[in-house]
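# Structural overview
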Amino acid sequence: MKDLLQNIKQCTICKEHLPLGPKPVVSAHPKSKIVIIGQAPGTKVHASGIPWNDASGKQLRTWLDVSNEDFYNETKFAIIPMGFCYPGKGKTGDLPPRPECAPQWHKPLFNELKHIELILLIGMYAQNYYLGKTAKKTLTETVKNYNEYLPKFLPLPHPSPRNRFWLTKNSWFEVEVLPELRRRVNNYVNI
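Residues numbered from 1 in each chain as written. Predicted model: local features only at pLDDT ≥ 70, side-chain atom pairs only at ≥ 80, totals over all residues. Heavy atoms only, no water.

## With respect to the overall build of the protein chain
Counting its secondary structure elements, the protein chain contains 9 helices and 4 strands. For the protein chain, the N- to C-terminal ordering of α and β elements is α-β-α-α-α-β-α-β-α-α-β-α-α. At 16 Å, the protein chain has a C-alpha radius of gyration in line with the 16 Å of a compact globule built from 191 residues. In the protein chain, which comprises 191 residues, the share counted as buried stands at 49%. Of all intrachain contacts in the protein chain linking residues separated by at least 6 positions in sequence, the fraction that spans at least 24 positions is 70%. Total accessible area on the protein chain stands at roughly 10,000 Å², and carbon and sulfur atoms take up 50% of it. Mean positive and mean negative side-chain charge positions of the protein chain (26 and 16 charges, respectively) differ by 3 Å. (Helix = DSSP H or I, 4+ residues; strand = E, 2+ residues; numbered from the N terminus. Rg over C-alpha atoms; globule rule 2.2 N^0.38 Å. Buried < 20%, exposed > 50% of the residue type's maximum accessible area, 1.4 Å probe, protein only. Contact = heavy atoms within 4.5 Å. Areas by Shrake-Rupley, 256 points an atom, 1.4 Å probe, with all protein chains shown as cover. Lys, Arg positive; Asp, Glu negative; His and termini not counted. Charge placed at Lys NZ, Arg CZ, Asp CG, Glu CD.)

Structure, rendered in structure tokens:
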């Protein structure tokens, strides 16, 4: 695992497409229990090199009901984005994750992760990649039907502050999904 993570952090396969250059962000340990698969690092995470070290990460830790110490404990959480580097800015937010990363690195990472109990799929890129044809037509439908993907996967919306409207419009998320998410995370984090 150590060599694999080192290889990922030195990856440059899509460097010509990255406005800030390659700086892969990933965190994992062979004993990780929960895998968080998000989109790609933003500019703050690119600068710090610390995954989910931004407003979205703060919201995610609130959703999970975990401390920073637990969240960044690699034996508890592996953090594997769909795109490992900041992809650049688009018209309405960051560009999609680079398509080279997941096919290149996810399988080798999962081959090393032998103790996974739960995979959190954050956002439609992760959901479409891992759920394939079983993903619903929209992210909202996929998250609403989260029970269909358990116990292996739990799909979530992105915890970005930009998603306030989605969270307000879909109040069932806090009532139905968050308690189940917290229950399952608590089972594996506090072992």
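Following the structure, the description resumes.
## A look at helix α5 (residues 101-112)
The end-to-end C-alpha separation of α5 is 17 Å, in line with the 16 Å expected for 12 residues at 1.5 Å each. Three or more residues of α5 are buried, namely Cys101, Ala102, Trp105, His106, Leu109 and Phe110. Along the axis of α5, the buried positions cluster into a sector of 130°, meaning they face one direction only. Exposed positions of α5 whose direction lies more than 90 degrees from the buried face are Pro103 and Lys107. Those residues of α5 that are buried are in contact with α1 (2-9), β1 (34-37), β3 (118-122) and α6 (124-131). (Expected span 1.5 Å × (residues − 1). Arc of directions from axis to C-beta.)

## A word on the sheet that holds strand β4 (residues 153-156)
Strands sit in the order β2-β1-β3-β4 across an open sheet of 4 strands; the sheet is parallel. Only two strands of the sheet have a single partner each, and these edge strands are β2 (77-79) and β4. Ignoring strand direction, the axes of neighbouring strands in this sheet form an average angle of 20°. When β1 meets β3, the two strands line up parallel, connected through 4 bridges. Following the sheet pairing, Ile36 is matched in β3 by Leu120. (Pairing = 2+ DSSP bridges. Axes fitted to C-alpha atoms, helices over the stretch in contact; angles between N-to-C directions.)

## Thoughts on the packing of aromatic side chains
Using the criterion set out here, one finds 9 aromatic pairs in the structure. A ring pair is formed by Phe71 and Tyr72, whose centres lie 5.0 Å apart and whose planes are at 90°; its orientation type is edge-to-face. Ring centres 5.6 Å apart and planes at 35° place the aromatic pair Phe71 and Phe77 in the tilted group. For the pair formed by Phe71 and Phe77, the shared burial category is buried. Site record: aromatic cluster; members linked through ring pairs are Trp63, Trp166, Trp172 and Phe173. The ring of Phe71 carries Arg61 above its face, with NZ or CZ at 5.0 Å from the centroid. (Phe/Tyr/Trp six-rings, centres within 6.5 Å; stacked < 30°, edge-to-face > 60°. Lys NZ or Arg CZ within 6 Å of the ring centre and 35° of its normal.)

These results come straight from atomic positions and should not be treated as a statement about function.
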